[in-house]
Amino acid sequence: MKAMPSVDVVFDIFRQLNAIPRPSHHEERVADFLCQYAEKLNLEYDRDEHNCVVIRKPASTGMEQAEPVVLLNHMDMVCVGFQDPLHDAVETYEDDGWLKARGTSLGADNGIGLSMALAVLADDSIQHGPIEVMTTTNEEDGMSGAANLSTTFLKGRKVINLDSEDYDTITTGAAGAYLQEHRLPVRWLAAPGGKRRWYRITIGGLQGGHSGVDINRGRASATMLAWAILAAIYNEVDLSLASLTVGEANASIASTAEMVITVASGEAAEFVKAQEDSFNEWLREEYGDREPTAFCHIEKVQPMERVVDDASFSALMRALEQVPQGVVAMSETLVDTVHTSNNVGRVSLGDEAFVVTTHTRSFSDGDMAALANEIREVFAEQGGSSTTIMEAPAWQENQDSDFLRRTSDVFEQVLGWHPRPVAMHFVLEAGYFVQKYPGIEIACIGPRILEPHSANERVELSTISDIWRVLIALLEELG
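It should be emphasised that the depicted structure is a prediction, and the values quoted were computed from it without experimental measurement. Every chain's residues receive numbers from 1 upward, in the order its sequence appears when written. Thresholds applied to this predicted model are a pLDDT of at least 70 for local features of residues and 80 or more for the giving and counting of side-chain atom pairs; totals over whole chains, interfaces and linings are not thresholded and use all residues. Where side-chain values are given, they derive from all heavy atoms of the structure, hydrogens and water being excluded.

## Regarding the sheet that holds strand β4 (residues 92-95)
In plain terms, the rule: Whether two strands pair depends on DSSP finding at least two bridges between them. Segments assigned H or I by DSSP are reported as helices when at least four residues long, segments assigned E as strands when at least two residues long, and all are numbered from the N terminus. We call two residues in contact whenever any of their non-hydrogen atoms come within 4.5 Å of each other. Fitting a line to C-alpha atoms yields each axis, with helices limited to the stretch in contact; the angle taken between N-to-C directions then spans 0 to 180 degrees.
Read across the open sheet, the four strands follow the order β4-β5-β24-β23; overall the sheet is antiparallel. The outermost strands of the open sheet, each flanked by one partner alone, are β4 and β23 (449-450). The sheet strands contacting helix α11 (residues 461-478) are β4, β5 (98-101) and β24 (458-460), and the helix crosses β24 at an angle near 60 degrees.

## A word on helix α9 (residues 402-415)
Put simply, the rule reads: Each residue after the first adds 1.5 Å to the expected span of a helix. Categorising residues by exposure relies on relative accessible area from a 1.4 Å probe, with only protein chains included: less than 20% of the type maximum marks a residue as buried, more than 50% marks it as exposed, and the intermediate range marks it as partly exposed. When we speak of the arc, we mean the arc of directions from the helix axis to the C-beta atoms.
Between its first and last C-alpha, α9 extends 20 Å over 14 residues, near the 20 Å set by a 1.5 Å rise per residue. Buried residues of α9: Phe403, Leu404, Thr407, Ser408, Val410, Phe411 and Leu415, and no others. What you see down the axis of α9 is that its buried residues fit within an arc of 150 degrees, all on one side. Where α9 is buried, its residues meet β7 (158-161), β8 (169-174), β22 (441-444) and α11.

## Side note on the layout of surface pockets
The criterion, for reference: For cavity detection a 1 Å grid was placed over the protein atoms alone, and a set of points counts as a cavity when a 1.4 Å probe fits there but cannot get out; an open set counts as a pocket when protein lies on both sides within 12 Å along at least five of seven lines, with lining residues being those that have an atom within 4 Å of a point. Grid points are joined across faces, edges and corners, and a volume is the space filled by probe spheres set on the points. Throughout this entry, Asp, Glu, Lys and Arg are counted as charged residues, while Ala, Val, Leu, Ile, Met, Phe, Trp, Tyr, Cys and Pro are counted as nonpolar. The remaining residues, Gly among them, count as polar.
Of the pockets and cavities examined, the largest pocket occupies roughly 500 Å³. Contributing to the lining of the largest pocket are 24 residues, with Asp166, Val213, Arg217, Met424 and His425 lying nearest its centre. Broken down by secondary-structure element, the contributors of at least two residues to the lining of the largest pocket are β21 (420-424) and β23. Take the lining of the largest pocket: its biggest share by element is four residues, from β21. In terms of residue class, the lining of the largest pocket is made up of 11 nonpolar, five polar and eight charged. Lining the second largest pocket are 19 residues; nearest its centre among them are Pro23, Cys79, Glu248, Ala249 and Arg346.

## Some words on the packing of helix α5 (residues 222-234) against helix α6 (residues 267-287)
Where we set the bar: For this classification, under 35 degrees means roughly parallel, over 145 means roughly antiparallel, 65 to 115 means roughly perpendicular, and everything else is oblique. Helix crossings get a hand from a simple test, with the near helix turned counterclockwise from the far one by less than a right angle marking a left-handed crossing and a clockwise turn marking a right-handed one.
Following both chains from N to C, one finds α5 and α6 inclined at 135 degrees, their axes separated by 11 Å at the closest point. When the axes of α5 and α6 are compared, the pair comes out oblique. The handedness of the crossing between α5 and α6 is right-handed. Side by side, α5 and α6 meet where Leu225, Ala228, Ile229, Ala232 and Ile233 of the first sit next to Phe271, Val272, Gln275, Phe279, Trp282, Leu283 and Tyr287 of the second. Of the residues contributing to the contact of α5 with α6, the split by class is 11 nonpolar, one polar and no charged.

## Quick look at the packing of aromatic side chains
So the rule is basically this: Each aromatic pair joins two rings of Phe, Tyr and Trp (for Trp, the six-membered one) with centres within 6.5 Å, and gets the label stacked for planes under 30 degrees apart, edge-to-face for over 60, and tilted for any other angle. Only when the NZ of Lys or the CZ of Arg is both within 6 Å of the ring centre and within 35 degrees of the ring normal is a charge said to sit over the ring.
All chains considered together, the criterion is met by seven aromatic pairs. With a centroid separation of 5.6 Å and an interplanar angle of 45 degrees, the aromatic rings of phenylalanine 411 and tryptophan 417 are classed as tilted. One aromatic cluster is present, built from ring pairs that chain together Tyr167, Phe411 and Trp417. Directly above the aromatic system of tyrosine 93 lies the positively charged group of arginine 102, at a separation of 4.3 Å from the ring centroid. Positioned above the aromatic ring of tryptophan 98, the side-chain terminus of arginine 458 is 5.7 Å from the ring centre.

## Here we look at empty space enclosed by the protein
Counted by the stated rule, this structure contains four cavities of 30 Å³ or more. Volume-wise, the largest cavity comes out at about 140 Å³. Around the largest cavity, the lining is made up of 16 residues, and of these Glu139, Glu140, His210, Val427 and His453 lie nearest the centre. In the lining of the largest cavity, the residues fall into five nonpolar, five polar and six charged. As for the second largest cavity, its lining consists of Thr223, Ala226, Trp227, Leu230, Leu244, Val246, Leu316, Met317, Leu320 and Val347. Counting residues per element, the ones that place at least two in the lining of the second largest cavity are α5, β12 (240-246) and α7 (310-322). At four residues, the largest contribution of residues to the lining of the second largest cavity is made by α5. Taken together, the residues of the lining of the second largest cavity break down into nine nonpolar, one polar and no charged.

## Description of unusual backbone geometry
Leaving glycine aside, a negative phi is the common case for residues, and trans is the common case for peptide bonds. Following aspartate 109, the chain continues to asparagine 110 via a peptide bond in cis, the omega torsion being 5 degrees. By the secondary structure assignment, asparagine 110 is in helix α3 (residues 108-122). Located in the positive-phi region is asparagine 51, a residue other than glycine, with phi close to 70 degrees. Residue asparagine 51 is classed as buried on the basis of its relative accessible area, which comes to 15%. Of note, the phi angle at glutamate 451 is positive, near 55 degrees, even though the residue is not glycine. Note that glutamate 451 resides in the loop between β23 and β24.

## Quick look at the side chain of serine 314
Keep this limit in mind: Side-chain atoms alone can form a polar contact between residues adjacent in sequence; in general such a contact is a pair of N or O atoms within 3.5 Å, and within protein one must be able to donate a hydrogen while the other accepts it.
Its place among the elements puts serine 314 in helix α7. Taking relative accessible area as the criterion, serine 314 reaches 11% and is therefore assigned buried. Among the polar contacts listed, one links the side chain of serine 314 to the side chain of tyrosine 234, at a separation of 3.0 Å.

## Some remarks on the nonpolar core
Nonpolar side chains in soluble globular proteins tend to end up buried together. Keep this limit in mind: For our purposes a nonpolar core is just a set of buried Ala, Val, Leu, Ile, Met, Phe, Trp, Tyr and Cys residues, chained together by side-chain atoms within 4.5 Å.
One finds Leu71, Leu118, Ile160 and Trp468 to be the most contacted residues of the largest nonpolar core, which totals 62 residues. Looking at this core element by element, the count peaks at 10 residues for α11. Ignoring sequence-local partners within four residues, the contact set of leucine 118 consists of Ile13, Phe33, Leu34, Tyr37, Ile55 and Val133. Counting 50 residues, the second-largest nonpolar core is a separate cluster that includes Leu239, Val308, Leu316 and Leu320.

## Quick word on the pattern of salt bridges
The condition is simple: In the sections that follow, a salt bridge refers to a side-chain nitrogen of Lys or Arg positioned within 4 Å of a carboxyl oxygen of Asp or Glu.
The tally for this structure, following the rule as stated, stands at 27 salt bridges. Note that glutamate 441 is salt-bridged to lysine 158, the shortest N-O span being 3.3 Å. Of the two residues, glutamate 441 is situated in strand β22 and lysine 158 in strand β7; the sequence distance between them amounts to 283 residues. With a relative accessible area of 12%, lysine 158 lands in the buried category. We note a salt bridge from glutamate 258 to arginine 200, for which the minimum N-O separation is 3.7 Å.

## Here's the deal with the pairing of β8
Along β8, six of the six residues are buried, which leaves the element largely enclosed by surrounding structure. For β8 and β21, the ladder comprises five bridges, and the chain directions are parallel. Opposite threonine 169, over in β21, you have arginine 420 as the bridge partner. Bridging between β8 and strand β20 (residues 395-396) involves two bridges; their strand directions are antiparallel. Across the sheet, the residue bridging to glycine 173 is glutamine 396, located in β20.

That's the geometry; what it means functionally is another story.
Below, the structure is given as structure tokens:
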């Protein structure tokens, strides 16, 4: 029996990737790395204007007539917890069988899958037909890379997507997604005079998480908590808002919020300070088992020079009150599966407008479009405007395809069990590939990744080794 290629090279490549900052929209250095990697191996590659890269490796001897196989991944990651995501590297460590990052998201989504694909390119002992390693950009924040691919960029029609986070499954369907940015105009006023108190309100300690995978776990959104405490104060005393920052990434459940307000000294100021204890008590009662480290902290700060006028602030509050957060509808056919959801990812206050992002997902393109339109109307009613950043179609693979059957059989041969076919409530690029490349078939597999898009992201080490073995055997089977 021939020796199985070592998984160590996968971890080595992952370490190299994590030394390269790769937030969405800033993948130039990763694309450079991929092109240089191909050149070192004397492999043909193409790079398009959106920095998507495809690397082609010829078939092993005797497998030249096999159909080309595409190994699909994306090169960007959601950067949570970074001081400077454009320059900071990811520092990893092992903990009781898991690979984690120190204080930041890990980038296992989708860095581990990409590392596996690159490891295949470097190892000539692996038997396979013609291979195309396809790596896209901006998957996590708009999917513009996949959306703008040329219809001639790929030759293969059998795709192994290594972007799954559910180890014991084959993902054969994924929800579509609308990512929208909404702008509510603001009018600034000089900070009010007289005796006043200025307070910074900080909300933190929340788990956050993936706005698709984790949306039905009952976690608190910092967006909704920020709205709640501002509403509690606004309903009792006159407040003025001077700054507001909520959330870390469009595709994450917001886990932090910070706002600065001012109120008159005296009873109003005492009321604001008292909200710290009462709000923390409410957090414990409402989310104690799901958000054990959640907190609200209120502290005095120095005065600021300007505040938002009441009409602008009220428009934001009305919009956030009406926009859905979390599960909108459960599936009628898939057990314990979310059908439609919406997440308010980020809220910020700029010089000209409040900027709010919403990520709407559904297995029905029609339901998704309808909900996205309702959200646009909410902001329009408050005098705002909306821009669609991403409109990714839902995807459902043919459950009876020979390609899926062979993939499942290889799991049984290598690991002793058949994976479950599942449809996931997160968006994958598969919908774009189905539109662009007629006849394409896609099976999505990967190691077990928990808490993606958060500082708690981690990947189970043993499952990386298992999926590596499955991938090698599957390439040989297809060849």
